[in-house]
Amino acid sequence: MALQCGIVGLPNVGKSTLFNCLSNAKAQSANFPFCTIEPNVGIITVPDDRLTKLVEMCKPKSVVPATVEIVDIAGLVKGASKGEGLGNKFLANIRETDAIIHVLRCFDDDNITHVDGSVNPVRDKEIIDMELQIKDLETVEARLAKSIKAAQTGADKTAKAQVAVLTKIKEALEKGKPARSVEFDSEEEERLARDLFLLTSKPVLYVCNVDDEAAAGGNKYVEAVREAIKDEGAGLLVVAARTESEIAELDTWEERQEFLAEIGLQESGVSRLIRAAYALLDLQTYFTAGADEVRAWTFCRGSKAPKCAGIIHSDFEKGFIRAEVIKYEDYVTLGGETAVREAGKMAVEGKEYIVKDGDIMHFRFNV
C-alpha cells in the first residue's frame, strides 16, 4: 500500500531538519534503511519489535518491513490559497497525500529568524489552517451549486445526499473548523465526504518541535497547541529535531539508547513519529513468516480476511477459501508454527474474520 504522509509547516520551523532525521532512519530501524525515491520523498520503515523477533526465530532469506512514504512539502506562506509563494503547487502536493504531519516551532532561538517575527505556534497553525480551509471552501461551494441544480432536476439520485454533506462541511469551514471535524449521520454521507478529497478532511499529526530541555516534558508552547487542537480529532507529538539530528549521527544502538536515557526518553522522536504516522492512517500490520521470508503487511483497521489476502495478490481475494491464523503471542511463546499447530492454537477462519494487529496469516485460495 503506497501510503503517503506530507510534512508541512511555515519556513524555518524545523520541517526539513525533521525530514533529514527521517532520512537517517537507519539509526532507528536497524537493518531496514530509509530509501530516497526523489530529493524530497522517502520511504520510511515502521519500527516494529515483533518483526525483529520473528526474524530472529525464522532466520529468513529476506525481510520486508511495513513502510510509510514521507514527503517534505515546501514551506507555505500566507496567501497560498491565492497563489502566493509556491501556492497552488503546495496545495496540490498536500492533496496527493493521505495524511498531514504539521510541524510547529515551539522553541526560542534568536539565531533562527521566524517568518512572522515571533514564536507563536498557535498563530502559525492557524495560518496554514486558514489557507487550507479557504481552498476547501472554494471547492465545496462550487460542488454545492452543481449538486443543488442536480437535486432540483432529479437527474442524480445521490444529489440530495451530496447537498446535505456539502452543506454541513460548508458550515464548518465558515466557522474556521476543518472538514474532518464534521460528524455525519450515515455511512453513505461519510463515503460522499471522503470522495470530495478535501484538504482539511485529511488526518493531521501536529509535531511540536522543541529545544533539548523540553524534549521529554514539553513547554508552554506545546501546551498552547494542545489546548488549540483539543476539539480537532488530531494527534500531537513532541520532538526535538536538533536532538534527533544528533541521535541519527550516532553509530550504535547502545550509544543511541544511552543518549536517549540522558535526556529522559525511552525511544527517539523519529521512531515515535513514524509509528504515530502509521497509526494516524488507522493502519495495522499482519505478518507472513517462514524460512524464505518474514514480511509485514499493512492493512486498514477492521478489514476482513479476504481483503487482507488481496493485499498480497488479487487472486488471493478472488479465490479466498479460508485463513489460517496464529496469534503473535502464541507463535513466540510456543516457539514457532509447528509447535502452535501441535498445541491446537492455530485458528481456521472464514470470510467474515476481522484481521487483528499482529496476526500471523496463511491464506488458502483457489482461482
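These numbers come from a predicted model, not from an experiment.

K.L.:
I would appreciate a short explanation of the overall build of the protein in the present structure.
P.N.:
A count of helical and extended segments in the protein gives 14 helices and 13 strands. Considering only contacts within the protein whose residues lie at least 6 apart along the sequence, 69% involve residues at least 24 apart. Roughly 18,200 Å² of accessible area belongs to the protein as shown, and the carbon and sulfur atoms make up 49% of that amount.

K.L.:
Help me out: how do you make sense of a negative patch on the surface in this one?
P.N.:
Together, Asp251, Glu254, Glu255, Glu258 and Glu262 make up a negatively charged patch on the protein surface. Along the chain, Glu254 turns up in helix 9 (residues 253-262).

K.L.:
It is not clear to me how the pairing of strand 8 (residues 235-239) should be interpreted in this structure. Could you clarify?
P.N.:
When a strand is regular, its side chains alternate between the sheet's two faces. Pairing of strand 7 (residues 204-209) with strand 8, which is carried by five bridges, proceeds in the parallel orientation. The residue bridging Asn209 from the neighbouring strand is Val239, located in strand 8. Where the polypeptide runs from strand 7 across helix 7 (residues 220-228) and back to strand 8, its parallel neighbour, the crossover connection is right-handed.

K.L.:
Even after reading the chapter, I still don't get the layout of surface pockets, so can you show me in this structure?
P.N.:
Unoccupied space between atoms shows up once a probe the size of one water molecule is rolled over them. Here the largest pocket defines a volume of roughly 850 Å³. Considering the residues around the largest pocket, the lining is formed by 22 residues, among which Arg180, Arg194, Ser201, Lys202 and Pro203 are closest to the centre. No other element matches helix 6 (residues 187-194), which puts three residues into the lining of the largest pocket. Class assignment for the residues of the lining of the largest pocket results in 13 nonpolar, three polar and six charged.

K.L.:
Which parts of the structure should I look at to understand the packing of aromatic side chains?
P.N.:
Two measures describe an aromatic ring pair: the distance that separates the ring centres and the angle between the ring planes. Across all of its chains, the model carries five aromatic pairs by this definition. A ring pair is formed by Tyr286 and Phe299, whose centres lie 5.9 Å apart and whose planes are at 45°; its orientation type is tilted. With Tyr286 in strand 9 (residues 283-289) and Phe299 in strand 10 (residues 293-300), the pair connects residues that are 13 residues apart, well separated along the chain. For Phe299, a relative accessible area of 0% corresponds to the buried category. Through successive ring pairs, a cluster of aromatic residues spans Tyr286, Trp297, Phe299, Phe320 and Phe363. Seen from the ring of Phe107, Arg105 lies directly overhead, with NZ or CZ sitting 4.6 Å from the centre.

K.L.:
What exactly am I supposed to notice about empty space enclosed by the protein here?
P.N.:
Tallying each qualifying case throughout the model produces one cavity of 30 Å³ or more. Around the largest cavity sit Val46, Asp48, Leu51, Ala66, Thr285, Phe287 and Ala296, which together line it.

The rules behind the values
- Residues numbered from 1 in each chain as written.
- Predicted model: local features only at pLDDT ≥ 70, side-chain atom pairs only at ≥ 80, totals over all residues.
- Heavy atoms only, no water.
- Helix = DSSP H or I, 4+ residues; strand = E, 2+ residues; numbered from the N terminus.
- Contact = heavy atoms within 4.5 Å.
- Areas by Shrake-Rupley, 256 points an atom, 1.4 Å probe, with all protein chains shown as cover.
- Patch = residues over 30% accessible without salt bridge, like charges linked within 9 Å, V, L, I, M, F, W, Y side chains within 5 Å.
- Salt bridge = Lys/Arg side-chain N within 4 Å of Asp/Glu carboxyl O.
- Lys, Arg positive; Asp, Glu negative; His and termini not counted.
- Charge placed at Lys NZ, Arg CZ, Asp CG, Glu CD.
- Pairing = 2+ DSSP bridges.
- Right-handed = clockwise from strand over helix to strand, strands pointing away.
- 1 Å grid on protein atoms, 1.4 Å probe; cavity = no way out; pocket = protein on both sides within 12 Å on 5 of 7 lines; lining within 4 Å.
- Points joined across faces, edges and corners; volume = space filled by probe spheres on them.
- Nonpolar A, V, L, I, M, F, W, Y, C, P; charged D, E, K, R; others polar.
- Phe/Tyr/Trp six-rings, centres within 6.5 Å; stacked < 30°, edge-to-face > 60°.
- Buried < 20%, exposed > 50% of the residue type's maximum accessible area, 1.4 Å probe, protein only.
- Lys NZ or Arg CZ within 6 Å of the ring centre and 35° of its normal.

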